[in-house]
Amino acid sequence: MAKLILDIEPDLIDKIRDVAEKRNISLSELAKKLFIKETETSTYVPVKREDFPDWIKKLTFAKEPTPDFDAKKEYGDHIMRKYGL
C-alpha cells in the first residue's frame with residue numbers, strides 16, 4: 001500500500017475527522033472511500049472549441065501551424081535580440 005501526503009487546512013481536517021468519527025472509520029478509510037467514489041463516478045468530457053467563450057476563441061491566432069516555421073531558429077533569434085549575443 002502507498003502513502004499519500006495532503007496539504008489541508010487544520011479547520012478542514014477537524015471537520016473531516018468529525019465525519020470519520022461519526023461513521024466510526026479512520027481518516028484513511030474515509031479518504032479511500034471518497035477517492036473510490038470519485039474515480040468511479042467521474043468521467044472525462046473533452047471540451048470542444050465551440051464551448052469556449054468568445055474572448056478565449058479570439059486568442060487563437062492560427063487554425064493550422066505554419067509549415068515553414070522553425071521554432072529553434074526563432075528562439076535563437078529571440079535570444080540574440082534579448083541578450084545581444
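Side note on the overall build of the chain
Helix and strand counts for the chain stand at four helices and zero strands. Order of helices (α) and strands (β) in the chain, N terminus to C terminus: α-α-α-α. Relative to its length of 85 residues, the chain is extended, with a C-alpha radius of gyration of 25 Å against a globular reference of 12 Å. Across its three principal directions, the C-alpha atoms of the chain cover 65 × 40 × 30 Å. Classification of the 85 residues of the chain by burial places 2% in the buried group. Counting every atom, the chain has about 8,800 Å² of accessible surface; 58% of that belongs to carbon and sulfur. When the 17 positive and 17 negative side-chain charges of the chain are each reduced to one mean point, those points stand 1 Å apart.

Brief notes about the confidence of the model for the chain
Scored by pLDDT, the chain comes out at a mean of 86, with 95% of its residues at no less than 70. Here helix 3 (residues 54-57) stands out as the least confident element of the chain, with mean pLDDT 84; helix 1 (residues 10-23) is the most confident, with 93.

Here we look at the layout of surface pockets
The volume enclosed by the largest pocket comes to roughly 590 Å³. For the lining of the largest pocket, the elements supplying multiple residues, two or more each, are helix 1 and helix 2 (27-41). Residue contributions to the lining of the largest pocket peak at eight residues, all from helix 2.

Examining the environment of phenylalanine 35
Checked against the element boundaries, phenylalanine 35 lands in helix 2. Spatially, the C-alpha atoms of phenylalanine 35 and proline 53 are 32 Å apart, while their sequence positions differ by 18 residues.

Examining unusual backbone geometry
If you check the backbone angles, asparagine 24 has positive phi at about 60 degrees while not being a glycine. If you trace the backbone, asparagine 24 turns up in the loop between helix 1 and helix 2.

Remarks on the pattern of salt bridges
Throughout the structure, instances matching the rule amount to two salt bridges. Residue aspartate 14 pairs with arginine 17 through a salt bridge whose shortest N-O separation is 3.5 Å. Taken as a pair, aspartate 14 and arginine 17 lie in helix 1 at a separation of three residues, close to a single helical turn. Judged by relative accessible area, which is 39%, aspartate 14 ranks as partly exposed. Among the salt bridges present, the one from aspartate 77 reaches lysine 73, with a minimum N-O distance of 2.8 Å. Here the residue aspartate 77 and the residue lysine 73 both occupy positions in helix 4 (residues 71-83), the gap between them amounting to four residues, near one helical turn.

Conventions and cut-offs
- Residues numbered from 1 in each chain as written.
- Predicted model: local features only at pLDDT ≥ 70, side-chain atom pairs only at ≥ 80, totals over all residues.
- Heavy atoms only, no water.
- Helix = DSSP H or I, 4+ residues; strand = E, 2+ residues; numbered from the N terminus.
- Rg over C-alpha atoms; globule rule 2.2 N^0.38 Å.
- Buried < 20%, exposed > 50% of the residue type's maximum accessible area, 1.4 Å probe, protein only.
- Areas by Shrake-Rupley, 256 points an atom, 1.4 Å probe, with all protein chains shown as cover.
- Lys, Arg positive; Asp, Glu negative; His and termini not counted.
- Charge placed at Lys NZ, Arg CZ, Asp CG, Glu CD.
- pLDDT = per-residue confidence, 0-100.
- 1 Å grid on protein atoms, 1.4 Å probe; cavity = no way out; pocket = protein on both sides within 12 Å on 5 of 7 lines; lining within 4 Å.
- Points joined across faces, edges and corners; volume = space filled by probe spheres on them.
- Salt bridge = Lys/Arg side-chain N within 4 Å of Asp/Glu carboxyl O.

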